[in-house]
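Close look at the chain arrangement
What follows is the residue order along each chain.
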Amino acid sequence: MQLKLKLTVAAAIAAIAGVSAAQEVVRIGHVAPISGPQAHYGKDNENGARMAIEELNAQGVVIGGKKVKLEMLAEDDAADPKQGAAVAQKLCDSKAVGVVGHLNSGTTIPASKVYNDCGIPHVTGAATNPNLTKPGYKTTFRIIANDNALGAGLAAYASETLKLKTVAVVDDRTAYGQGLANVFKRVAAEKGIKVVDEQFTTDKATDFMAILTAIKAKNPDAIFYGGMDPQAGPMLRQMEQLGMGNVKYFGGDGLCTTEIAKLTGGAKTLSNVVCAEGGASLAKMPSGMTWKAKYDAKYPGQYQIYSPYTYDATMLLVDAMKRAGSWDPKVYIPELLKSNYKGVTSSIAFEPNGEIKNPAITLYVYKDGKKTPLN
């Protein structure tokens, strides 16, 4: 009887150990602005990463022969650089083995140093300032075209297709907005477009009447805005109020959203927008439309722009862990750099500095209030 009891206890202990082993937890961080005027982007980003983690857990993930359960550590940086660095440190302290994010260049750049110092990789599919990869951190990866491609593509379209001669440039003084505006200015000037005025605002502003009145006096063919849609929407509305209905309006991925149609309040100037996104349009992504149908069923009405990239970034991190047989960043980062991952957005492979190889860009306009790809 005593021997039987010992065997039963031993079996129970083994079973508990087995359950424990089966529930090995691997934590992946996600950071974006979940509060403030950019919360619609942030929630969309978080949805993409969460969707990937839920799918992977449903499939069952085995890394190095061990069954693991993935857990998301979701953080809000409120699009604030100081908060971005603070939550990056929090994720390091929480033993996250990788991070998806951040969204804004202004938060991603300071956070990248924190991740480098604590040795965990982060993959962004939204932050586009080229300066992100300049320090050469082995922990920084980007799976979307940077602003060099976006700004140049917009300037080329303005010059070569629309034959514009003059432009005014406005930026929001963030790392993203200012960086993108500088690239556009440089390439536009190279292509013979004259910059007749330069103005700046902030990523919190909503009143642009003084800026626009000054620009109107210079009579440009177009305005380029380096910034996000919470400012672009009201700016377009105020352009209509000032009778600037014939002025083209250029911008990057930060304003290239579905939300901007609501933020303009029905202003006809929305039809003057030409914006650029890194990557292919959903219809031209390898699995874009199939993925979008799943996303809409799970998160109706929440899609903005970057969630396919955060989904791919999450899958990419786990794929590298599987290939390395380890979730230890020191072990799997070299495999991450060697990735050749067939994602929803594209086939993802990296340059030595962590930039995606062969990045695509897509230009969009708004027809009847709907975002429509030009290429």
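Quick look at the structure, then. (Residues numbered from 1 in each chain as written. Predicted model: local features only at pLDDT ≥ 70, side-chain atom pairs only at ≥ 80, totals over all residues. Heavy atoms only, no water.)

1. Points about the side chain of Asn 146
Examined against the element boundaries, Asn 146 turns out to sit in the loop between strand E6 (140–142) and helix H5 (147–161). Among residues more than four places away in sequence, those in contact with Asn 146 are Thr 128, Pro 130 and Glu 355. (Helix = DSSP H or I, 4+ residues; strand = E, 2+ residues; numbered from the N terminus. Contact = heavy atoms within 4.5 Å.)

2. Digging into the sheet that holds strand E14 (residues 361–367)
If you walk across this open sheet you meet the seven strands as E8-E7-E9-E10-E11-E14-E15, and the pairing is mixed. The open sheet has two edge strands, strand E8 (194–200) and strand E15 (370–373), and neither has a second partner. The average undirected angle you get between the axes of adjacent strands in this sheet is 25°. Note that strand E11 (residues 273–278) and E14 share five bridges and pair antiparallel. Its bridge partner lying in E14, Glu 277 is registered against Thr 362. Against the sheet, helix H7 (residues 209–218) contacts strand E7 (166–171), E8 and strand E9 (222–226), and its axis sits at roughly 170° relative to E8. (Pairing = 2+ DSSP bridges. Axes fitted to C-alpha atoms, helices over the stretch in contact; angles between N-to-C directions.)

3. A short note on the pattern of salt bridges
Tallying each qualifying case throughout the model produces 21 salt bridges. Close ionic contact of Glu 355 with Arg 142 constitutes a salt bridge, the shortest N to O distance being 2.6 Å. With Glu 355 in the loop between strand E13 (347–348) and E14 and Arg 142 in strand E6, this residue pair connects regions lying 213 residues apart in the sequence. Across the pair Asp 319 and Arg 323 runs a salt bridge, and its minimum N-O distance is 3.0 Å. A residue pair is termed a helical-turn pair when its members lie 3 or 4 positions apart in one helix, as Asp 319 and Arg 323 do in helix H11 (residues 307–324) at four residues. The partly exposed category is assigned to Arg 323, whose relative accessible area is 35%. Salt bridges linked by common partners bring Asp 319, Arg 323, Glu 335 and Lys 338 together as one network. (Salt bridge = Lys/Arg side-chain N within 4 Å of Asp/Glu carboxyl O. Buried < 20%, exposed > 50% of the residue type's maximum accessible area, 1.4 Å probe, protein only.)

4. Focus: the sheet that holds strand E3 (residues 66–76)
Within the open sheet, the six strands sit side by side as E2-E3-E1-E4-E5-E6. Their pairing is mixed. Of all the strands in the sheet, just strand E2 (61–63) and E6 have a single pairing partner and so form its edges. Within this sheet the neighbouring strands show an average axis-to-axis angle of 35°, counted without direction. Relative to strand E5 (residues 122–124), strand E4 (residues 98–100) is paired through two bridges, and the arrangement is parallel. Its bridge partner being in E5, Val 99 is matched across the sheet by His 122. The strands touched by helix H3 (residues 81–93) within the sheet are strand E1 (24–32), E3 and E4, with E3 carrying the most contacts at an inclination of about 155°.

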